[in-house]
Amino acid sequence: MEFSEWYSDILEKAEIYDVRYPIKGCGVYLPYGFKIRRYTFEIIRNLLDESGHDEALFPMLIPEDLLAKEGEHIKGFEDEVYWVTHGGKTPLDVKLALRPTSETSIYYMMKLWVKVHTDLPIKIYQIVNTFRYETKHTRPLIRLREIMTFKEAHTAHSTKEEAEKQVKEAISIYKKFFDTLGIPYLISKRPEWDKFPGAEYTMAFDTIFPDGRTMQIATVHNLGQNFSKTFEIIFETPTGDKDYAYQTCYGISDRVIASIIAIHGDEKGLVLPPIVAPIQIVIVPLIFKGKEKEVNEKAKELYEKLKGKFRVHIDDRDIRPGRKFNDWEIKGVPLRIEVGPKDIENKKITLFRRDTMEKFQVDETQLEEVIEKTLNNIMENIKNRAWEKFENFITVLEDINPDEIKKILSEKRGVILIPFKEEIYNEELEEKVEATILGETEYKGNKYIAIAKTY
Ligand SMILES: Nc1ncnc2c1ncn2[C@@H]1O[C@H](COS(=O)(=O)NC(=O)[C@@H](N)CS)[C@@H](O)[C@H]1O
């Protein structure tokens, strides 16, 4: 089955997301998908909180004059903004934008908060919905018109150096985040013509989907003083002078959820990293004639033993075990425990791990320790598998041969790395190779231009 069919199929079959909402580019997180989203964004919340960020919350509506204040910014977003023009039947005297991202609402407030250098740094983030009238092909969790899970961090600093340091911190936070999820990435500096509107420069994380196309899963922008000059975020320096704040912002979205699904999934369905799995262990009682009572009792006993340490569920539906196995394999539950009368007698436990589809037995006394070890091993295994597939999609070329690049991109796809040369690093190269220049990147110690077909 080709990838995009597999992807839309699994969103429905694993009960993650319902695309049938009557607005294009908008969809519904179903409870199982919502839990995956919640556990995923808990990870980034912890990483941000542990590195001195505070979570805040800003209004969704932005007055037109505010959104339009920074020229580059509004130029970059004017074709994507949704506008609110009425309150009930009353036309609004000022059109209100549904935030496409929140620089202009947040920096308007920062001006009110910042007076002296000791008011800096500010490091805040919010996890909200944002709206972009995407004209390209919308796709669930990948290219949305209502971005339901937009984590945007915004910082302000008293020196250029500190803002530079913040960019590095943001990159290391995202590396930890994607490493925790086992999602591979290539980090590149976007070319001038493809940076965030209003930024000095943009660093981006791209992963490679199973169909060989790259997906931008995170971006970090150094905004310099572009917005602070426009919004007059001015502070008194230690020597009593005045200066404009130095800013950064960095964001991720539902694309992280799409990546977990696409990158770790297999032909059977989801393969969830235990850390984000709504159910980490499912207990399936194998009911044999005349043995129902002891099997159900044992299942309950195991559940009670495990529920404090793991997210465990007993599937006591009145259907055949094979049906149950299939359902939980589709939903990517990392571990399954099968409870049958023979095992009870021999004081054994039968386990099944979703990533390798292997079944194995352990002594009941070792159960918790084996579960702990196996869940860690599952994470390591799916992460290594993902990086292996990722590396196989990377082709390093010695020179720039447009025809060869086109051929590789149409057959193998993935990312092509060519040695970095200033003189060819321009938009003509994109036209020549009929693909996107992701940017300049370091790979195994050398500097390259990364080229790919992207989402
Ligand atoms: N239409 C969309 N649907 C889903 N995710 C999107 C969409 N547009 C952008 N994203 C994701 O959101 C991330 C941040 O968006 S952005 O435009 O690059 N950057 C900002 O908006 C900055 N204010 C930092 S938060 C992108 O890297 C991309 O992964």
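Residues numbered from 1 in each chain as written. Predicted model: local features only at pLDDT ≥ 70, side-chain atom pairs only at ≥ 80, totals over all residues. Heavy atoms only, no water.

- Per an unreviewed UniProt entry, the chain carries the name Proline--tRNA ligase and comes from Methanocaldococcus bathoardescens.
- Its UniProt record gives the chain a comment under Sequence similarities (unreviewed entry), which states: "Belongs to the class-II aminoacyl-tRNA synthetase family. ProS type 3 subfamily." (UniProt positions renumbered as here; feature names shortened; annotations may be inferred.)

### A short note on the pattern of salt bridges
Now for step 1: If you walk through the whole model with that rule in mind, you get 35 salt bridges.
Now for step 2: In this structure, the salt-bridge partner of R190 is D194, at a minimum N-O distance of 3.8 Å.
Now for step 3: Residue R190 is classed as buried on the basis of its relative accessible area of 7%.
Now for step 4: Relative accessible area serves as the criterion here: at 36%, D194 is assigned to the partly exposed category.
Now for step 5: Its salt-bridge partner being E338, residue R336 comes within 3.0 Å of it at the nearest N-O pair. Here R336 matches E338 in class, with each residue buried.
Now for step 6: Through salt bridges that share partners, K268, E329, R336, E338 and K359 make up one connected network. (Salt bridge = Lys/Arg side-chain N within 4 Å of Asp/Glu carboxyl O. Buried < 20%, exposed > 50% of the residue type's maximum accessible area, 1.4 Å probe, protein only.)

### Looking at the site of the ligand
Now for step 1: Looking at the ligand, there are 21 residues lining it, with T101, E103, E134, Q216 and S253 nearest.
Now for step 2: A distance of 2.9 Å is found between an oxygen atom of the ligand and a side-chain nitrogen or oxygen belonging to T219.
Now for step 3: Protein contact buries 96% of the 590 Å² of open area that the ligand shows by itself.
Now for step 4: Where the shell around the ligand is concerned, the elements lending two or more residues are β8 (146-157), β11 (214-224) and β14 (246-252).
Now for step 5: With 5 residues, β11 is the single largest residue contributor to the shell around the ligand. (Near = heavy atom within 4 Å. Polar contact = N/O pair within 3.5 Å; in protein donor to acceptor, adjacent residues only side chain to side chain. Areas by Shrake-Rupley, 256 points an atom, 1.4 Å probe, with all protein chains shown as cover. Helix = DSSP H or I, 4+ residues; strand = E, 2+ residues; numbered from the N terminus.)

### Describing the domain arrangement of the chain
Now for step 1: Taken as a whole, the chain is organised into domain 1 (3-264), domain 2 (281-377) and domain 3 (393-452).
Now for step 2: Counting each side, the surface lost to burial between domain 1 and domain 3 is near 1,300 Å², with a carbon and sulfur contribution of 67%.
Now for step 3: Taken as a group, L186, W193 and I208 account for 45% of the area that domain 1 buries against domain 3, more than any other trio of residues on that side.
Now for step 4: Here domain 1 is connected to domain 3 by 0 salt bridges.
Now for step 5: Connecting domain 1 to domain 3 are 7 residue pairs in polar contact (both at pLDDT 80 or more).
Now for step 6: Of all the elements in the fold, those that place two or more residues in the side of domain 1 that touches domain 3 are β9 (186-189) and β10 (201-208).
Now for step 7: Looking at the side of domain 1 that touches domain 3, the element that brings in the most residues is β9, giving 4 residues. (Domains from an automatic or database assignment. Buried area = accessible area lost by both parts, 1.4 Å probe.)

### Some details on the sheet that holds strand β5 (residues 82-87)
Now for step 1: Judged by pairing direction, the sheet is antiparallel, and its 3 strands sit side by side in the order β4-β6-β5 without closing on themselves. The open sheet is flanked by β4 (61-63) and β5, the only strands paired with a single partner. Strand-to-strand, the axes of this sheet are offset by a mean angle of 45°, without reference to chain direction.
Now for step 2: Bridge count between β5 and strand β6 (residues 90-98): 5 bridges; the pairing is antiparallel. Note that in β6 the partner of H86 across the bridge is P91. (Pairing = 2+ DSSP bridges. Axes fitted to C-alpha atoms, helices over the stretch in contact; angles between N-to-C directions.)

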